[in-house]
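Structural features, examined
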Amino acid sequence: MDIRKKFEQPLVDSDTVAELSKKLIEANLELKCAENERKIMLENISHDLRAPLTAIRSTIDYLLLKNNDESESISQNELDSFLNLLDMRTKTLEVLVKDLYYLTCIDSGSEEFKFREIPIAQFLEEYFFAAEIDDKYDGYNLELSVPDEMMQVVSIDIAKLSRVLDNLFNNSRKYSDKGSTITLGAYPCENEVCFYVRDNGRGISEKAIQYIFDRTYRESNSRTPEKEISSGLGLSIAKSIVERHNGRIECKSKLGEGSTFSIYLPILQ
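Calculation notes
Residues numbered from 1 in each chain as written. Predicted model: local features only at pLDDT ≥ 70, side-chain atom pairs only at ≥ 80, totals over all residues. Heavy atoms only, no water. Pairing = 2+ DSSP bridges. Helix = DSSP H or I, 4+ residues; strand = E, 2+ residues; numbered from the N terminus. Axes fitted to C-alpha atoms, helices over the stretch in contact; angles between N-to-C directions. Salt bridge = Lys/Arg side-chain N within 4 Å of Asp/Glu carboxyl O. Buried < 20%, exposed > 50% of the residue type's maximum accessible area, 1.4 Å probe, protein only.

Our focus in this paragraph is the sheet that holds strand 7 (residues 258–266). Judged by pairing direction, the sheet is mixed, and its 5 strands sit side by side in the order 2-4-5-7-6 without closing on themselves. In the strand order of this sheet, the two ends are held by strand 2 (141–145) and strand 6 (248–254), each with one partner. For this sheet, the mean angle separating the axes of adjacent strands, direction not counted, is 15 degrees. When strand 5 (residues 192–199) meets strand 7, the two strands line up antiparallel, connected through 7 bridges.

Let us now look at the pattern of salt bridges. A full pass over the atoms with the stated rule returns 10 salt bridges. Salt-bridge contacts for Arg248 lead to Glu250; the nearest nitrogen and oxygen are separated by 3.3 Å. With relative accessibility at 36%, the residue Arg248 sits in the partly exposed group. We note a salt bridge from Glu257 to Lys254, for which the minimum N-O separation is 3.8 Å. Here the residues in one salt-bridge network are Glu111, Asp157 and Lys160, joined through shared partners.

Rendered as structure tokens:
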């Protein structure tokens, strides 16, 4: 006697099939976007690595050539100039590799976050007072705008969120003239708190704002001050850190008037 159960085709309505197909298409699009972003980032990294490496290689080749030429020696001024160039280019590589590794660790989840509960006003005030005595802000007007009655408590990794503020403060300094004002402020929202860094510097074009947090975005060299070493990944790192806090970061800016970077974090009830 054959007791095998006859296979029956499961009944699936057309709406379910359409919904599953839609989700599959969306998932494929997300994978394609992620792959495209990865390719662009690798292209940008290759470009950023190639420039300083080329300068270092050319300098070393020239020094070796001069060293082997007994008829012509290198002056001390010329040697000092080449050493400064090598130092600057090497630091650029170090910053790029370090920031890229840090961003990768955050995205992969291997970078540990040590959250602790702290009043947001206390965190901001302590950061501000430390920035006030930092020599790199000499000549800038630093202002604190945090309400005395602000008692909201948040759960944050103090070191990592301080890194976010470091990046925002440094950007405000780099893209503002001496005598400009940099403000650290905060205000409560419904179920969350907002704190911001505002400056009255050069500002960012409306076209660029939507891309500044993307790790694939390349800022124009004309906007980057000379003698400033940067990987260009600072805002991408800031966004990743804020998102690990279940928060979000936004920017409003206008060319010639300045920028405001706002961070929103959930309040502990």
